[in-house]
Amino acid sequence: AYHFQSGGQRVRARLALAGGMALGLSENDSLCIACCAELLHNASLIHDDIQDKDTLRRGRPALWSQFGTNMAICSGDYLLSAAYGVMCGFSQPLVLPAMLALLHARTGTAIDGQCADLSLRHDQPEGLTHYLHIAKAKSGALLSLPLEMVLLASAQNNALPLAREACENFAVS
């Protein structure tokens, strides 16, 4: 509760809700996707603050700074688990395996980006290509996830690569 009280724009949730409405998904399925994407994103923020030793999140003490590293790790892990758990309410069982596979893949991509970011040596320039990889992986993967899930749920698979590319480019900008 403390972490979520710090605000945020809920961009991923908004993307899922707007996309779901535009593509005719049920309100319940759109909400499942929106909650899943936001929970996953917020888990990544909690873990990122710990790893980067950022003491503030949105102008307030970061969760780890307020309650300690151990509590923050457990909270981030719980949000990650909850992101998968909320998908239990999704009404389309035939699409669910592909959506869970996508959720897992984008989580892995975001972790890859975080690992690349953490491996940066600040005494040596890594170059633009390395930076673009980090931004696309770390931010783009979780930004594209709600749109990709909505597209999967509405059988618009042909638009998946375009949604991912658009979100990766937005993350870079």
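Structure first, text after, so check above.
Before going into details, it helps to say that this report is about the structure given with it.

About the criteria used
The residue count restarts for each chain, going from 1 along the sequence in the order it is written. Whole-chain, interface and lining totals are the exception, using all residues; otherwise, since this is a predicted model, local features are given only for residues with pLDDT of at least 70 and side-chain atom pairs are given and counted only at 80 or more. For side-chain calculations, the full set of non-hydrogen atoms in the structure is used, while hydrogens and water are omitted. Per the convention used, a helix needs a DSSP run of H or I reaching at least four residues, while a strand needs a run of E reaching at least two, with both numbered from the N terminus. For this measure, only C-alpha atoms enter the radius of gyration; the expected value for a globule follows 2.2 Å times N^0.38, where N is the number of residues. We call a residue buried when its accessible area falls under 20% of the maximum for its residue type, exposed when it is over 50%, and partly exposed in between, using a 1.4 Å probe and counting protein chains only. Contacts between residues were defined by any pair of non-hydrogen atoms, one from each residue, lying within 4.5 Å. His residues and chain termini do not enter the charge count, which takes Lys and Arg as positive and Asp and Glu as negative. To locate a charge, the coordinates of NZ of Lys, CZ of Arg, CG of Asp or CD of Glu are taken. Here a polar contact is recorded for every N or O atom pair within 3.5 Å, except that within protein the pair must consist of a potential hydrogen donor and a potential acceptor, and residues adjacent in sequence are included only if both atoms are side-chain atoms. The definition of a nonpolar core used throughout is a set of buried Ala, Val, Leu, Ile, Met, Phe, Trp, Tyr and Cys residues joined through side-chain atoms within 4.5 Å. Axes here refer to lines fitted to C-alpha atoms; in helices the fit is confined to the stretch in contact. Angles between the N-to-C directions go from 0 to 180 degrees. Throughout this description, any angle smaller than 35 degrees is read as roughly parallel, any larger than 145 degrees as roughly antiparallel, any in the 65 to 115 degree range as roughly perpendicular, and the remainder as oblique. A clockwise turn of the near helix away from the far one marks a right-handed crossing, whereas an anticlockwise turn of less than a right angle marks a left-handed crossing. The span you would expect from a helix comes to 1.5 Å times its residue count less one. The term salt bridge refers to a pairing of a side-chain nitrogen on Lys or Arg with a carboxyl oxygen on Asp or Glu at a separation within 4 Å.

### Notes on the overall build of the chain
Phase 1 of the analysis: Looking only at helices and strands, the chain has 7 helices and 2 strands in total.
Phase 2 of the analysis: Going residue by residue from the N terminus, the α and β elements of the chain occur as α-α-β-β-α-α-α-α-α.
Phase 3 of the analysis: Here the C-alpha atoms of the chain give a radius of gyration of 16 Å, agreeing with the 16 Å that 2.2 N^0.38 yields for 173 residues.
Phase 4 of the analysis: Within the chain, the fraction of its 173 residues that count as buried is 41%.
Phase 5 of the analysis: Long-range contacts, defined as pairs at least 24 residues apart, comprise 69% of the intrachain contacts of the chain with a sequence gap of at least 6.
Phase 6 of the analysis: Taken together, the 12 basic and 15 acidic charged side chains of the chain have centroids lying 4 Å from each other.

### Thoughts on unusual backbone geometry
Phase 1 of the analysis: In the Ramachandran plot, arginine 58 falls in the positive-phi region, its phi being about 55° despite a non-glycine side chain.
Phase 2 of the analysis: Of note, arginine 58 is situated in the loop between strand 1 (56-57) and strand 2 (60-61).
Phase 3 of the analysis: Not every positive phi belongs to a glycine, and alanine 155 is a case in point at roughly 60°.
Phase 4 of the analysis: Tracing the sequence through the fold places alanine 155 in the loop between helix 6 (128-153) and helix 7 (160-172).

### So, the environment of glutamine 5
Phase 1 of the analysis: Turning to its location among the elements, glutamine 5 is positioned in the segment before helix 1 (11-22).
Phase 2 of the analysis: The spacing of glutamine 5 and arginine 58 is 53 residues in sequence and 9.9 Å in space, taken between C-alpha atoms.

### Quick word on the side chain of glutamine 114
Phase 1 of the analysis: Locating glutamine 114 in the fold gives a position in helix 5 (residues 96-118).
Phase 2 of the analysis: What makes glutamine 114 buried here is its relative accessible area of 11%.
Phase 3 of the analysis: Of the polar contacts made by the side chain of glutamine 114, one reaches the side chain of aspartate 48; its length is 3.0 Å.
Phase 4 of the analysis: Excluding residues within four positions of it along the chain, glutamine 114 makes contact with Asp48, Gln51, Asp52 and Lys138.

### Quick word on the nonpolar core
Proteins that are soluble and globular tend to have nonpolar side chains buried together.
Phase 1 of the analysis: One finds Ile33, Met87, Phe90, Met99 and Met149 to be the most contacted residues of the largest nonpolar core, which totals 37 residues.
Phase 2 of the analysis: Of all the secondary-structure elements, those providing two or more residues to this core are helix 1, helix 2 (27-52), helix 3 (63-67), helix 4 (69-85), helix 5, helix 6 and helix 7.
Phase 3 of the analysis: No other element matches the 9 residues that helix 2 contributes to this core.
Phase 4 of the analysis: Not counting chain neighbours up to four residues away, the residues in contact with isoleucine 33 comprise Ala16, Leu25, Met87, Phe90, Met99, Pro146, Met149, Val150 and Ala153.

### Focus on the packing of helix 1 against helix 6
Phase 1 of the analysis: Packing of helix 1 against helix 6 brings their axes to within 9 Å, and their N-to-C directions diverge by 20°. Taken together, the axes of helix 1 and helix 6 lie roughly parallel to each other. For the element pair helix 1 and helix 6, the recorded crossing hand is right-handed. From helix 1, Val11, Arg12, Leu15, Ala16, Gly19 and Gly20 reach across to helix 6, where they touch Leu142, Leu143, Pro146, Leu147 and Val150.

### Observations regarding helix 1
Phase 1 of the analysis: Compared with an ideal rise of 1.5 Å per residue, which puts 12 residues at 16 Å, helix 1 spans 16 Å between its outermost C-alpha atoms and is within 8% of the ideal.
Phase 2 of the analysis: Glycine 24 lies just past helix 1 and shows a positive phi near 80°.

### Side note on the side chain of arginine 12
Phase 1 of the analysis: Mapped onto the elements of the fold, arginine 12 is located in helix 1.
Phase 2 of the analysis: Buried and without a salt bridge, arginine 12 has glutamate 38 as its closest oppositely charged side chain, separated by 4.6 Å.
Phase 3 of the analysis: Excluding residues within four positions of it along the chain, arginine 12 makes contact with Ala37, Glu38, His41, Leu142, Leu143 and Pro146.

That's the geometry; what it means functionally is another story.
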